[in-house]
Amino acid sequence: MFNSRNPMHRDPVGAVPAGTRVHFKITLPRGLGCSGAQLVMRNGADGREEPCGLFWCGMNGDGAEWWECHFEAEKPGVYFYDFKLETPCGHRRLMRGPIGEAVFDGGALWQLTVYEKEFKTPDWLAGGVIYQIFPDRFDSSGQAKTGVPADRRLHESWDESPDWRPDGQGNVTNSDYFGGDLAGIREKLPYLKSLGVTCLYLNPVFEAHSNHRYNTADYTKIDPLLGTEKDFRALCAEAASMGIRVLLDGVFNHTGSDSVYFNRQGRYPGTGAYQSKESPYYPWYQFKSWPEQYACWWGFPTLPNVNKENPEYREYICGENGIIRRWLRAGAAGWRLDVADELPDEFLDALRQAVKRENPEALLAGEIWEDASNKIAYGKRRRYLLGEQLDSVMNYPFRNAVLGFLTGGDAAASMETILSVLENYPPQVVRVLMNNIGTHDTERALTALAGEPRRNRGRQWQSETRLSPEQRTRGLALMRCASFLQYTLPGVPCLYYGDEAGTEGYADPFNRAPFPWGREDGELTRWYRSLGKLRARCACLNGGNFLPVAADGDVFSYVRSGGGDALLCAANRSTEERRVVVPPEWSGAEAVFGTLPDTRGTLILPPFGTAALRRVLDRTGQR
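Cut-offs and rules
Residues numbered from 1 in each chain as written. Predicted model: local features only at pLDDT ≥ 70, side-chain atom pairs only at ≥ 80, totals over all residues. Heavy atoms only, no water. Helix = DSSP H or I, 4+ residues; strand = E, 2+ residues; numbered from the N terminus. Rg over C-alpha atoms; globule rule 2.2 N^0.38 Å. Areas by Shrake-Rupley, 256 points an atom, 1.4 Å probe, with all protein chains shown as cover. Lys, Arg positive; Asp, Glu negative; His and termini not counted. Charge placed at Lys NZ, Arg CZ, Asp CG, Glu CD. Buried < 20%, exposed > 50% of the residue type's maximum accessible area, 1.4 Å probe, protein only. Pairing = 2+ DSSP bridges. Core = buried A, V, L, I, M, F, W, Y, C linked by side-chain atoms within 4.5 Å. Contact = heavy atoms within 4.5 Å. Polar contact = N/O pair within 3.5 Å; in protein donor to acceptor, adjacent residues only side chain to side chain. Axes fitted to C-alpha atoms, helices over the stretch in contact; angles between N-to-C directions. Parallel < 35°, antiparallel > 145°, perpendicular 65-115°, else oblique. Left-handed = near helix turned anticlockwise from the far one by under 90°. Nonpolar A, V, L, I, M, F, W, Y, C, P; charged D, E, K, R; others polar.

Under an unreviewed UniProt entry, the name given to the chain is Glycoside hydrolase family 13 protein, and the source organism is Caproicibacter fermentans.

Rendered as structure tokens:
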């Protein structure tokens, strides 16, 4: 009756720029006796309804009829709609079913995303590969450092496990370090280049008094254990010479209590907000009862929230000589924003303006775990992806879809998650999505795929539990499937350091162990190198179209096309062989992964197997 992803029913499909005239067309059973129909469009910001009458426009065969109308949104926004029908039995609603199909009554609303006409995202990231590094744990150059605080404990061996036990006061301090540094990353640039990496995403590098560094102590300084600003500039310059850009992690929702700005521990010689109401930083924070009671992130007193509406703080971060522009001038290619959904709209607007004024091609990405196109945060519909805020987000919905499918979830539901994101996000956002299957905030992908579920088990259990040889063999096979999907779905794969080496581990800190140099799984690393080469070779992976082929049982298959070539991708999660019927136009294709179809046009997928067929297209999209 209506398929929002079919141009026969909605043209154009997907998100559209403001001022676009969208054609809606539904087909209804003649026996329904519909005498009138309306498209009911709702503004997602205020819920205001805008009905639009549909006109009867002819028969669809003998038993159905067509109704149609046009709708045009002049301003950017997120809109939700269904269809109101007048029938002899009263009003009926044509609504969205659980996997996108139309149903009568009791369903959900469809979404129409309308973005700014001039919205543009950086071209350089599309078609590339992102590599996420937890700086303390990737590689250590062994160079001597100066100015390192004496209260930090360095592990004696790179191969030790991260500390996880609470101290005598019952606190987990995250004060153990392995000594990874910027010079170490620089030394490994040839290795990263061999993986096809085009962008490094670094977890926080600024001075902070924890190994994760999400409790910033000074935004103007590189943490002394990582090196100096000179080291950062050298890393950016050498990476750029190899075609690799550097993305920084910006933590602007809160600072550390142990910081230049708050200075609760009195570490710094200046006066912080905790020490005096006369401090220049006092207005940055929200005290309930100074100095001991203040707003902090998720109740952690070590992470006092910053008032993002304070003009001095906003100028400090977003001003002409502020933190954002300072580090872009030092060589960074953009920013990833920590807890972006906790930053007010006006602050995000200012962040984007600062980024784009300094460098229009710099990237601004955000940490948002849900569908970022329609999220409500703090009672307000957000506008992250409408053109005035973010270029990209960390694509956790795709992670859930990929890992869900490979661990026995419903294939159709995983495909629906992917199609929903593609329908709701502007295409210029889709081409630069950060597609992760593991990050510093999640279990290692290998453990999630093959390990015993963590559920509510504590750190003692997590520290002692490893994959058995049988689990690891299965996990590595599934890891190849997961990474194949990650690298060929729309967006940009974001590879978490060590995943390509076969690193396992449950939640923090076990997912943040040092890179296993000298103990890598060589076969898996070679697999990732081949995926990197695939992305460099296939133009269709640079923002190309996506067409689902199969999402049933144990098989997940789709076609990517555009830019002069096309890929037919298929993955089998089963321990048994599976077959996929290949359309005739793929008969002369090249097998870039797996094997060619047999003489009957059947593609045979071995257990946990994948396949990718490539064919060259002419200007009409044909071979």
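Draft legend 1. Local environment of the overall build of the chain. Summing up its helical and strand segments, the chain has 13 helices and 33 strands in all. Taking 25 Å as the expected radius of gyration for a compact globule of 623 residues, we find that the chain reaches 26 Å, a close match to that expectation. Total accessible area on the chain stands at roughly 25,100 Å², and carbon and sulfur atoms take up 49% of it. Charge centroids of the chain, computed over 72 positive and 78 negative side chains, lie 2 Å from each other.

Draft legend 2. Layout of the pairing of strand E3 (residues 21-29). Along E3, seven of the nine residues are buried, which leaves the element largely enclosed by surrounding structure. Examined bridge by bridge, strand E1 (residues 10-11) and E3 share two bridges and lie antiparallel to one another. Across the sheet, the residue bridging to Arg 10 is Phe 24, located in E3. Bridge count for E3 against strand E6 (residues 64-72) is nine bridges, and the pairing is antiparallel.

Draft legend 3. Spotlight on the pairing of strand E11 (residues 130-133). A two-sided burial pattern is seen for E11, the buried positions comprising Ile 130 and Gln 132 on one face and Tyr 131 and Ile 133 on the other. With four bridges connecting them, E11 and strand E14 (residues 199-202) associate as parallel partners. The residue bridging Tyr 131 from the neighbouring strand is Leu 200, located in E14. Across three bridges, the pairing between E11 and strand E26 (residues 492-496) is parallel. Across the sheet, the residue bridging to Gln 132 is Tyr 496, located in E26.

Draft legend 4. Structural view of the nonpolar core. Judged by nonpolar contacts, the single largest core of 126 residues is most densely connected at Tyr 131, Phe 252, Trp 335 and Leu 351. Looking at this core, the element that brings in the most residues is helix H12 (residues 469-488), giving nine residues. Filtering out sequence-adjacent residues up to four positions away, Leu 351 remains in contact with Phe 252, Ile 317, Cys 318, Ile 324, Leu 337, Leu 343 and Leu 364. Listed in part, the 27 residues of the second largest apolar core include Trp 67, Leu 85, Leu 94 and Val 114.

Draft legend 5. Focus on the side chain of Asp 565. With respect to the helices and strands, the residue Asp 565 is situated in strand E29 (residues 565-572). Here Ala 539 takes part through its backbone nitrogen, which lies 3.2 Å from a polar atom of the side chain of Asp 565. Discounting chain neighbours no more than four positions away, the residues touching Asp 565 are Arg 537, Cys 538, Ala 539, Cys 540, Arg 560, Arg 614, Arg 615, Val 616 and Leu 617.

Draft legend 6. The arrangement of the packing of helix H7 (residues 396-406) against helix H8 (residues 411-424) in detail. With their axes 9 Å apart at the nearest point, H7 and H8 run at an angle of 165° to one another. With respect to their mutual orientation, H7 and H8 come out roughly antiparallel. With respect to the hand of their crossing, H7 and H8 are arranged in left-handed fashion. In contact with Pro 397, Phe 398, Ala 401, Gly 404 and Phe 405 of H7, H8 contributes Ala 411, Ser 414, Thr 417, Ile 418, Val 421 and Leu 422. In terms of residue class, the contact of H7 with H8 is made up of eight nonpolar, three polar and no charged.

Draft legend 7. Examining the sheet that holds strand E28 (residues 555-562) more closely. On the basis of which strands lie adjacent, the open sheet formed by five strands has the order E27-E28-E29-E33-E31 and antiparallel pairing. Looking at which strands have only one partner, the edges of the open sheet turn out to be strand E27 (545-552) and strand E31 (590-593). Strand-to-strand twist across the sheet, computed as the mean angle between neighbouring axes with direction ignored, equals 20°. Pairing of E28 with E29 involves eight bridges; the strand directions are antiparallel. The partner of Gly 562 across the bridge, within E29, is Asp 565. Against the sheet, H8 engages E27 and E28, with an angle of about 165° to E27.

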